[in-house]
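Working through the structure, step by step
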Amino acid sequence: MRNVYNFSAGPAVLPKSVLQEAADEMLDYKGSGMSVMEISHRSFLFQSIIDETEQDLRILMNIPDDYVVLFLQGGTSLQFSMIPMNFMRNGKADYILTGYWAKKAYEEAKRYGKINIAASSEGDNFSYIPDCSDLEIDQDSDYVYMCENNTIYGTKFHCCPNSHGKVLVNDISSSFLSEPMNVSDYGMLFGGVQKNLAPAGLVIAIMHKDLISDTVLSNTPTMLQYKIHADKKSLYNTPPTYNIYMVGKVIKWIQSLGGLEKMKGLNERKAAVLYDYLDSSSLFYGLANAGSRSLMNVTFRTKSDAVDAEFIKQAEKHGIVSIKGHRAIGGMRASLYNAMPIEGVQHLVDFMREFENSGDYYAK
Ligand SMILES: Cc1ncc(COP(=O)(O)O)c(C=O)c1O
């Protein structure tokens, strides 16, 4: 029985129909007498799954032909090392610090070169996206790094930074397939699939073919070289086969709803239900600056930690789970990924209103 609304930031809610289809195919995939989990990654059956998934992703995101799609492992965090190891030629890069994950990527990159902070909102606890329309970028910088949607702080870039012609590298983990993007604005887009696409264990990287080269930092392990994975079409070693199969199913689900423009509209409607309530509430308030708000992760709180804790406890009894904010910011966070139905957001807001009107929190 799925009797809860799961607001987890990731691993996160998946479309019910996709889970049902996967369950139906669990014991016997297309008459093979085997589960997808059991078939060889070198088999014809799996080759069709990975080819179709890549092809469907290319169509859905309108990925130009001169971009390569890679299915990788090691979580999004391993990209924080692979990016400098593969892209550093002059030993310099620029990072835009807008949250916890961008800062982690920056700290990791410092191990490999001279890293400049092109813009940052850290001084204001990452509550907004800084103006990136005229960044000061070093002439020799190898790339400019950004994180599109800040899962923990609930902020999002609403326009592309001006990197002055330098390659833009964008972590899209928590906004992947939530709306259309112009892929060619970026040298590389990458993200873990565990929020909007599939179970945890797979990273998808989409990069311009010119970025893929034999020239990488010395001692870069074979497994951490993009060229190795590109040359072998993501089958250098055993890939996470089941996750790739699940991504394929989620893409087809998005297609069935009408594609990314439709997805964006649905996501805007869902987020508006919660933001509108937050803007009218006298108990709860949103943590992200209005112009930087994320559609995927909505952060909010009350003025009291004790009231927040009581709200989280009571919410759980009402089937609202994983609503606790990240420890870096506290309060609450509702992740409204693609698979969260609008009824779930309405249920949350109804309960927030009930909690606020009950006055239970006055004693805290
Ligand atoms: C935007 C973003 N980047 C990176 C990560 C780290 O992902 P992983 O745990 O797959 O390394 C997360 C995890 O939540 C994230 O939200």
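Residues numbered from 1 in each chain as written. Predicted model: local features only at pLDDT ≥ 70, side-chain atom pairs only at ≥ 80, totals over all residues. Heavy atoms only, no water.

**What to know about the packing of aromatic side chains**
The tally for this structure, following the rule as stated, stands at 17 aromatic pairs. Aromatic pair Tyr95 and Tyr143: ring centres 5.8 Å apart, planes at 65°, arrangement edge-to-face. You can see Tyr95 sitting in strand β3 (residues 92–97) and its partner Tyr143 sitting in the loop between β4 (114–120) and β5 (144–147), a full 48 residues away along the chain. The two residues Tyr95 and Tyr143 agree in class, both being buried. Ring geometry for Phe284 against Phe300: centres 6.0 Å apart, planes inclined by 75°, an arrangement best described as edge-to-face. Taken together, the residues span a long stretch of sequence, with Phe284 in the loop between α7 (260–280) and β11 (285–286) and Phe300 in strand β12 (residues 297–301) at a distance of 16 residues. The class of Phe284 is buried, set by a relative accessible area of 1%. (Phe/Tyr/Trp six-rings, centres within 6.5 Å; stacked < 30°, edge-to-face > 60°. Helix = DSSP H or I, 4+ residues; strand = E, 2+ residues; numbered from the N terminus. Buried < 20%, exposed > 50% of the residue type's maximum accessible area, 1.4 Å probe, protein only.)

**Some details on the pairing of β4**
The pairing of β3 with β4 spans six bridges and is parallel. In the strand pairing of β4, Asp94 is matched with Asn116. Tracing the backbone out of β3, into helix α4 (residues 100–109) and back to the parallel element β4 gives a crossover that is right-handed. (Pairing = 2+ DSSP bridges. Right-handed = clockwise from strand over helix to strand, strands pointing away.)

**What about the packing of α7 against helix α9 (residues 342–358)?**
Across the interface, α7 lies against α9 with an axial gap of 9 Å and an inter-helix angle of 10°. Taken together, α7 and α9 sit at an angle that is classed as roughly parallel. Along the contact surface, α7 presents Arg269, Lys270, Val273, Leu274, Tyr277 and Leu278, while α9 presents Ile342, Val345, Gln346, Leu348, Val349, Met352, Arg353 and Glu356. Looking at side-chain class alone, the contact of α7 with α9 contains nine nonpolar, one polar and four charged residues. (Axes fitted to C-alpha atoms, helices over the stretch in contact; angles between N-to-C directions. Parallel < 35°, antiparallel > 145°, perpendicular 65-115°, else oblique. Contact = heavy atoms within 4.5 Å. Nonpolar A, V, L, I, M, F, W, Y, C, P; charged D, E, K, R; others polar.)

**What about the pattern of salt bridges?**
A complete count under the given rule lists 21 salt bridges for this structure. Of the charged contacts in the structure, one is a salt bridge between Lys103 and Glu122, with a shortest N-O distance of 2.8 Å. Here the residue Lys103 occupies a position in helix α4, and Glu122 occupies one in the loop between β4 and β5, the gap between them amounting to 19 residues. Taking the relative accessible area as the measure of exposure, Lys103 reaches 26% and is therefore partly exposed. You can call Glu122 partly exposed: its relative accessible area is 35%. Of the charged contacts in the structure, one is a salt bridge between Glu179 and Lys156, with a shortest N-O distance of 3.5 Å. Taken together, the residues span a long stretch of sequence, with Glu179 in the loop between β8 (168–171) and β9 (188–192) and Lys156 in strand β7 (residues 155–156) at a distance of 23 residues. The class of Glu179 is buried, set by a relative accessible area of 15%. The exposure class assigned to Lys156 is buried, which follows from its relative accessible area of 5%. (Salt bridge = Lys/Arg side-chain N within 4 Å of Asp/Glu carboxyl O.)

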